[in-house]
Amino acid sequence: SQQGEEDPQALSIQEGENATMNCSYKTSINNLQWYRQNSGRGLVHLILIRSNEREKHSGRLRVTLDTSKKSSSLLITASRAADTASYFCATDAQEDDKIIFGKGTRLHILP
Amino acid sequence: SAVISQKPSRDICQRGTSLTIQCQVDSQVTMMFWYRQQPGQSLTLIATANQGSEATYESGFVIDKFPISRPNLTFSTLTVSNMSPEDSSIYLCSVEAGGRTEQYFGPGTRLTVT
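Computed from a predicted model, the values in this text were never measured in an experiment.

Novice: Is there a simple way to explain the state of the cysteines in this structure?
Specialist: Cysteine pairs can be covalently joined through their sulfur atoms, and such a bond is termed a disulfide. All told, the structure shown has 2 disulfides over all chains when counted by the stated rule. Here Cys 23 of chain A connects covalently by a disulfide to Cys 89 of chain A, the sulfurs 2.0 Å from one another. Measuring the twist about the S-S bond at about 65°, one finds the Cys 23 of chain A-Cys 89 of chain A disulfide to be right-handed. In this pair, Cys 23 of chain A sits in strand E3 (residues 19-24) while Cys 89 of chain A sits in strand E9 (residues 85-93), placing the two residues 66 residues apart along the sequence. One disulfide bridge connects Cys 23 of chain B with Cys 93 of chain B, the sulfur atoms lying 1.9 Å from each other. Sign of the S-S torsion, about 75° for the bond between Cys 23 of chain B and Cys 93 of chain B, identifies this disulfide as right-handed. Separated by 70 residues along the polypeptide, Cys 23 of chain B in strand E3 (residues 19-25) and Cys 93 of chain B in strand E9 (residues 89-96) bring together distant segments of the chain. Among the cysteines around Cys 13 of chain B, which has no disulfide bond, Cys 93 of chain B carries the closest sulfur, lying 17 Å off. For Cys 13 of chain B, a relative accessible area of 9% gives the class buried.

Structure follows, in structure tokens:
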């Protein structure tokens with residue numbers, strides 16, 4: 001069954017603003033990952049956060065994980081036009097060790 | 001990291017025909033994964049391909065429709081058989097980094113069935 005559910009489905013913000021995307025999931029996980037996909041191309045791995053971590057940073061990216069609420073957020077600070085893409089969370093479920101992708105958030109950065 | 005290439009990058013095919021998609025990795029990997037991404041949707045895992053054994057298919061996907069080959073540790077093919085317009089999707093292959101830390105994806109094959 002689908003694990004990750006991102007919201008919002010679509011987000012448009014001005015260049016320079018921060019973008020926040022959320023992911024909720026249903027079962028216990030080993031880790032949660034965020035990926036970016038540009039215009040129907042392959043996915044690019046952005047960041048991984050393990051179940052025993054609460055926050056992680058990578059450049060302009062900040063990811064949080066709340067295992068009690070089964071949710072994660074991805075924050076992109078000081079957005080740029082090149083950040084326009086779809087963003088997917090992917091969960092590595094403990095119960096079956098499978099990686100399941102969410103439905104994604106389409107982010108559009110306005111000039 | 002791993003660099004993955006796919007062929008073809010896109011194709012337009014007629015209903016009832018078959019298309020074989022190739023996936024080449026620049027390093028030896030144990031498992032390769034095939035995903036389908038229908039228009040505007042997320043990725044759905046079709047099957048996991050291990051070298052030297054039969055592919056493991058996910059619920060809703062069968063070998064007769066999506067036969068997979070894995071002749072060596074750097075190459076795999078996925079065939080979409082007896083295609084219908086519902087098979088129009090992007091098909092992606094991927095491999096895992098060690099320790100299930102991340103997946104590396106190919107650029108995808110955009111298939112349109114008319």
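Novice: Got a minute to help me understand the pairing of E3 of chain B in this structure?
Specialist: As a general feature of sheets, a regular strand has side chains that alternate between the two faces. Residue and element names in this part refer to chain B. Side chains of E3 alternate between two faces, with Leu 19, Ile 21, Cys 23 and Val 25 buried and Thr 20, Gln 22 and Gln 24 left unburied. With 4 bridges connecting them, strand E1 (residues 4-7) and E3 associate as antiparallel partners. Residue pairing across strands places Lys 7 opposite Gln 22, the latter belonging to E3. Across 6 bridges, E3 lies against strand E8 (residues 75-80) in antiparallel orientation. Bridging across to E8, Thr 20 finds its partner in Thr 79.

How each quantity is defined
Residues numbered from 1 in each chain as written. Chains lettered and ligands numbered in written order. Predicted model: local features only at pLDDT ≥ 70, side-chain atom pairs only at ≥ 80, totals over all residues. Heavy atoms only, no water. Disulfide = S-S within 2.5 Å. Helix = DSSP H or I, 4+ residues; strand = E, 2+ residues; numbered from the N terminus. Buried < 20%, exposed > 50% of the residue type's maximum accessible area, 1.4 Å probe, protein only. Pairing = 2+ DSSP bridges.

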